[in-house]
Amino acid sequence: MSNFDPAPGHQTYDRPTGPGPAVRRQAATRRTALAVCTVADIAAGLLGLWILLFLLDANRANVFVEFVRGTADWLAWWSQDIFTMDTEGLRVLLNYGLPAVIYLVIGHGISARLNRA
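The following paragraphs examine the structure supplied in this document.

### Some words on the nonpolar core
Burial of nonpolar side chains together is a common tendency in soluble globular proteins.
Item 1. If you look at the biggest cluster of nonpolar residues, it comprises 16 residues, and the most contacted ones within it are Leu47, Trp50, Leu53, Ala72, Leu75, Val92 and Tyr96.
Item 2. Those elements that provide at least two residues to this core are α1 (21-55), α2 (63-75) and α3 (88-116).
Item 3. It is α1 that provides the largest number of residues to this core, a total of 8 residues.
Item 4. Ignoring anything within four residues of it in the chain, the contact list for leucine 53 reads Ala58, Phe64, Val65 and Val68.

Written as structure tokens, this is what we have:
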């Protein structure tokens, strides 16, 4: 018996302890899925907030309302004027609601796919 033998009842390992590469990869994938889901939720939330502020006739000169409108315009640039209704409230609801739903469906779909992997 050498001087480096462990005390009775203690084990030694040749490799460092901790999660293996598969566990670390799975944790990274779950974090990525959570980030994708969060970004989709925030985008849809801002679009929904703009719809609500518009329908409630919020003061468009307000800095917060202008920020929400500008962000919603940026997020929904591709869907502007898909629907051209005479009723402005319905037009805003459809033109900003469609991208909100699409962001949610795509974001949560990607997240679910990542979590299954």
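Having seen the model, we can carry on.
### Overview of the pattern of salt bridges
Item 1. The tally for this structure, following the rule as stated, stands at 2 salt bridges.
Item 2. The salt bridge involving aspartate 73 is made with arginine 69; its shortest N-O contact spans 3.9 Å. Of the two residues, aspartate 73 and arginine 69 both sit in helix α2, 4 residues apart, roughly one turn of that helix.
Item 3. For glutamate 88, the salt bridge identified is with arginine 91, shortest N-O distance 3.3 Å. Of the two residues, glutamate 88 and arginine 91 both sit in helix α3, 3 residues apart, roughly one turn of that helix.

### Looking at the environment of leucine 47
Item 1. With respect to the helices, strands and loops of the structure, leucine 47 is situated in helix α1.
Item 2. For the pair formed by leucine 47 and glycine 97, sequence separation is 50 residues and the distance between their alpha carbons is 7.0 Å.
Item 3. Not counting chain neighbours up to four residues away, the residues in contact with leucine 47 comprise Ala72, Leu75, Ala76, Tyr96, Pro99, Ala100 and Tyr103.

### Section: α3
Item 1. Over its 29 residues, α3 runs 42 Å from end to end, which matches the ideal 42 Å to within 8%, given 1.5 Å per residue.
Item 2. Taken as a whole, α3 carries its principal kink of about 25° at glycine 97; the proline proline 99 stands between one and four residues after it.
Item 3. Along α3, the positions that sit buried rather than exposed are Gly89, Val92, Asn95, Tyr96, Gly97, Pro99, Ala100, Gly107 and Ser111.
Item 4. Buried positions along α3 lie against α1 and α2.

### Brief notes about α1
Item 1. With 35 residues, α1 extends 51 Å between its outermost C-alpha atoms, agreeing within 8% with the 51 Å of an ideal straight helix rising 1.5 Å per residue.
Item 2. In this structure, the buried side of α1 is in contact with α2 and α3.
Item 3. Immediately beyond the C-terminal end of α1, within one or two residues, lies aspartate 57, with a positive phi of roughly 55°.

### Some words on the packing of aromatic side chains
Item 1. Throughout the structure, instances matching the rule amount to 2 aromatic pairs.
Item 2. Note on tryptophan 50 and tyrosine 96: the rings are 6.5 Å apart at their centroids and 70° apart in plane angle, and the pair reads as edge-to-face. A residue pair is termed long-range when its members are at least 10 positions apart, and tryptophan 50 in helix α1 and tyrosine 96 in helix α3 qualify at 46 residues.
Item 3. On the basis of relative accessible area, tyrosine 96 is assigned to the buried category, the value being 5%.
Item 4. Three or more aromatic residues joined by ring pairs make a cluster, and in this case those are Trp50, Phe54 and Tyr96.

What counts, and where the lines are drawn
Residues numbered from 1 in each chain as written. Predicted model: local features only at pLDDT ≥ 70, side-chain atom pairs only at ≥ 80, totals over all residues. Heavy atoms only, no water. Core = buried A, V, L, I, M, F, W, Y, C linked by side-chain atoms within 4.5 Å. Buried < 20%, exposed > 50% of the residue type's maximum accessible area, 1.4 Å probe, protein only. Helix = DSSP H or I, 4+ residues; strand = E, 2+ residues; numbered from the N terminus. Contact = heavy atoms within 4.5 Å. Salt bridge = Lys/Arg side-chain N within 4 Å of Asp/Glu carboxyl O. Expected span 1.5 Å × (residues − 1). Bend = angle between axes of the 7 residues up to and from the residue. Phe/Tyr/Trp six-rings, centres within 6.5 Å; stacked < 30°, edge-to-face > 60°.

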